[in-house]
Amino acid sequence: MDSGENYKVFSKPLMPADIAKRLIDLSECVKFLEENNNLLRVKAEIEAVHELAGIAKKLEGGRPVLFENVKRSSFPVLIGLLWNRDIVGSIFNAPKEEVSLLIAEAIGPWQKNKEAIPSPIIEKGPANEIIESDIDLYKLPIPLHAMKDGGRYLDSSVVIAKNPETGVANTSIHRMMVTKKDRLTFLVDPDRHLGDFVEIMERRNQPLPVTINNGISLAPWFAAILPRLGDGKYCIANHMVGNPIGFIKAQTVDVPAYADAQFVIEAEILPNVREEEGPFAEVSGYYGSSDKRWVMKVKAITRRKDPIFHSLFSGQEVWNAVGFTAEAKIFAMVKEKVPQLKAVYLAPGGCGFYGAVVQVEKDDEDVGKAAIREAFKAFEPLQQVVAVDTDVNLYDPIDIDWAKTLPVYC
Ligand SMILES: Cc1cc2nc3c(=O)[nH]c(=O)nc-3n(C[C@H](O)[C@H](O)[C@H](O)COP(=O)(O)O)c2cc1C
């Protein structure tokens, strides 16, 4: 992304090239899933409005699904990439228990020293093989999932924006609702870098240019959803694979895009403009309410020759997505203070967000309490943290209940 001048260069390869490739490039990832009988293809013609989500609901938790034939669109839709932890583990070539540890390992060197594997920016990459002449979001198979959703949503695309003061790019995911063929409204929760950047530009009454990257694979995707790690956290994705992940220059905005994305939507966030966004069926199982929110105007759409559109189904796959990354963050931070920490799991019952189980090697009585205290500090949304011994199966709710409820004298 930059020459790396601001960072120490980190060169230790963490991962063999074939694994790195499928963690960077979603097409490679889909190929890998297929070769391992972990992809389900739906060949029948389906409707992106409601029907796709209806079928996805029935298949939730199994193999990721590729809808090959979406009405009024030439592009297939992938859903469920993250809804099965064992399959996510296979993409990392690791047992599911180790995925968050691999992410945590990548956070470490970047967070401590801002060590970077600099990313190149090239003119041409797969993501701009085709430059669409007609800017029309309705030509993309963007699904409408839940009955009361306010519109079709991009719900898994990574937004890249530059900090207007430092020029350093940041990546994050935001739900974005299509309102016109070249217009989106979107949600920025409090304490987001994107919100900070928009605020600076609104004071200048200028638009904030962004790229919206649809269909990137798990390394840059997971890095994008790591909260509050400072801008420039795209470097963490490079650490995850031990390789520089390439960017391309956009056509109309001075913001890079992931070279291996399936689609890139170039846009500007309009200053001081708000339009209705929502409702949206959220990961908690409730609808997020509608309100007047930020607006993007699309300036260009580029894509691969044979792109796969990536969508996410609110439910298990978001619990896992948030779960893996929050576990990584909690693990990295708690381990610093409590070396006896062995594992962290954010169970589905807490939506992968609000409840954690921390596993410790109990070599003295206070280890569990210390781990609980540090976990709350590491991840603010937590409402409940349980500490268990190493003989408890983190993934088994009955075992966790057993550990919680058994009297100490047993
Ligand atoms: C599937 C998914 C959807 C998300 N949608 C939003 C959203 O609509 N608005 C938002 O502010 N954060 C959303 N997030 C969370 C942010 O992307 C995430 O916290 C990110 O790390 C924020 O980056 P930042 O700390 O660099 O600002 C979403 C996360 C996931 C996994």
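Note that the structure is predicted; figures quoted are calculated from it, not measured.

**Focus on the site of the ligand**
Taken together, 21 residues lie near the ligand, and Ser172, Leu187, Asp189, His193 and Pro227 sit nearest. Within the residue set of the shell around the ligand, elements represented by two or more residues are strand S10 (169–173), helix H6 (193–203) and helix H9 (316–337). Residues of the shell around the ligand, tallied by class, amount to 11 nonpolar, five polar and five charged.

**Considering the domain arrangement of the chain**
Along its sequence, the chain is carved into domain 1 (8–309) and domain 2 (338–405). One C-alpha centre belongs to domain 1, the other to domain 2; they are set 30 Å apart.

**Details of the environment of Asn238**
As for its placement among the helices and strands, Asn238 is situated in helix H8 (residues 234–241). According to the C-beta neighbour criterion, Asn238 is buried, with 26 such atoms within 10 Å. Note: C-alpha distance between Asn238 and Pro118 (120 residues apart in sequence) is 8.1 Å. Those residues in contact with Asn238 that lie beyond four places of it in its chain are Ala116, Ile117, Ser119, Asn243, Pro244 and Ile245.

**A closer look at the sheet that holds strand S21 (residues 341–345)**
To summarise the sheet geometry, strands pair through backbone hydrogen bonds and adopt either a parallel or an antiparallel arrangement. Pairing in this open sheet of three strands is mixed, and the strands run S21-S22-S23 from one edge to the other. Either end of the sheet is taken by a strand with one partner, and the two such strands are S21 and strand S23 (384–388). Each adjacent strand pair in this sheet contributes to an overall mean axis angle of 20°, direction not counted. Here strand S22 (residues 355–360) runs beside S23; their pairing, made up of five bridges, is parallel. By the bridge assignment, Val357 is partnered in S23 with Val386. Across the sheet, H9 touches S21 and S22, and the angle it forms with S21 is around 155°.

**So, the sheet that holds strand S20 (residues 309–310)**
With mixed pairing, the four strands of this open sheet are ordered in space as S2-S3-S4-S20. With one partner strand each, in any of the chains shown, strand S2 (40–42) and S20 form the two edges of the open sheet. The strands touched by helix H3 (residues 51–59) are S2, strand S3 (65–67) and strand S4 (77–79); relative to S3, the strand with the most contacts, the crossing angle is about 160°.

**A few points about the environment of Ala250**
Positionally, Ala250 belongs in the loop between strand S14 (247–249) and strand S15 (256–258). Judged by C-beta crowding, with 23 C-beta atoms within 10 Å, Ala250 ranks as buried. In this structure the C-alpha to C-alpha distance between Ala250 and Asn128, which are 122 residues apart in sequence, comes to 8.3 Å. Not counting the four nearest positions on each side in its chain, Ala250 is found in contact with Thr211, Val255, Pro256, Ala257, Val264 and Glu266.

**A few points about helix H10 (residues 367–378)**
Counted at 1.5 Å a residue, the expected span for H10 with its 12 residues is 16 Å, and the 16 Å between its end C-alpha atoms agrees. Residues of H10 that are buried include every one of Gly368, Ala371, Glu374, Ala375 and Ala378, and no others. Down the axis of H10, the sector holding all buried residues measures 130°, keeping them to one side. Opposite its buried face, H10 presents the exposed residues Lys369 and Lys377, each directed more than 90 degrees away. Check the buried side of H10 and you find it contacts H9, S21, S22 and S23.

**Topic: the environment of Ile245**
By secondary structure assignment, the location of Ile245 is in the loop between H8 and S14. Distance from Ile245 to Ile121, taken between C-alpha atoms, is 9.3 Å for residues 124 residues apart in sequence. Non-local contacts of Ile245, meaning those with residues more than four positions away in its chain, are made with Ile24, Ser119, Ala219, Pro220, Ala237, Asn238 and Tyr258.

**Regarding H3**
Burial in H3 covers these residues: Leu52, Ala53 and Ala56. Take H3 and look down its axis: the buried residues cluster within an arc of 90°, on one side only. The outward face of H3, more than 90 degrees from its buried face, is lined by the exposed residues Gly54, Lys57 and Lys58. Buried positions along H3 lie against S3 and S4. Trailing H3 by a residue or two, Gly61 shows a phi angle of about 100°, which is positive.

**Examining the packing of H9 against H10**
Relative orientation of the contacting elements H9 and H10 amounts to 135°, with a least axis distance of 9 Å. The angle between H9 and H10 places the two elements in the oblique class. With respect to the hand of their crossing, H9 and H10 are arranged in right-handed fashion. Between H9 and H10, the contacting residues are Lys329, Ile330, Met333, Val334 and Lys337 on the first element and Ala370, Ala371, Glu374, Ala375 and Ala378 on the second. In the contact of H9 with H10, the residues fall into seven nonpolar, no polar and three charged.

**Some points on unusual backbone geometry**
The step from Gly278 to Pro279 runs through a cis peptide bond, and the omega angle for that step is -5°. Checked against the element boundaries, Pro279 lands in the loop between strand S16 (263–277) and strand S17 (280–281). Positive phi, close to 55°, is recorded for Asn205, a residue that is not glycine. Along the polypeptide, Asn205 turns up in the loop between H6 and strand S13 (208–214). Taking the number of C-beta atoms within 10 Å as the measure of exposure, Asn205 has 8 and is therefore exposed.

**Examining the pairing of strand S11 (residues 176–180)**
As paired strands, strand S8 (residues 153–154) and S11 are joined by two bridges and run antiparallel to one another. Across the sheet, Tyr153 pairs through a bridge with Met177, a residue of S11. Direction of pairing for S11 relative to strand S12 (residues 183–186): antiparallel, over a ladder of four bridges. Looking across to S12, one finds that Met176 is bridged to Phe186.

So, how was this worked out
Residues numbered from 1 in each chain as written. Predicted model: local features only at pLDDT ≥ 70, side-chain atom pairs only at ≥ 80, totals over all residues. Near = placed C-beta within 6 Å. Helix = DSSP H or I, 4+ residues; strand = E, 2+ residues; numbered from the N terminus. Nonpolar A, V, L, I, M, F, W, Y, C, P; charged D, E, K, R; others polar. Domains from an automatic or database assignment. Buried ≥ 20, exposed ≤ 12 C-beta atoms within 10 Å, placed from the backbone. Contact = placed C-beta atoms within 7 Å. Pairing = 2+ DSSP bridges. Axes fitted to C-alpha atoms, helices over the stretch in contact; angles between N-to-C directions. Expected span 1.5 Å × (residues − 1). Arc of directions from axis to C-beta. Parallel < 35°, antiparallel > 145°, perpendicular 65-115°, else oblique. Left-handed = near helix turned anticlockwise from the far one by under 90°.

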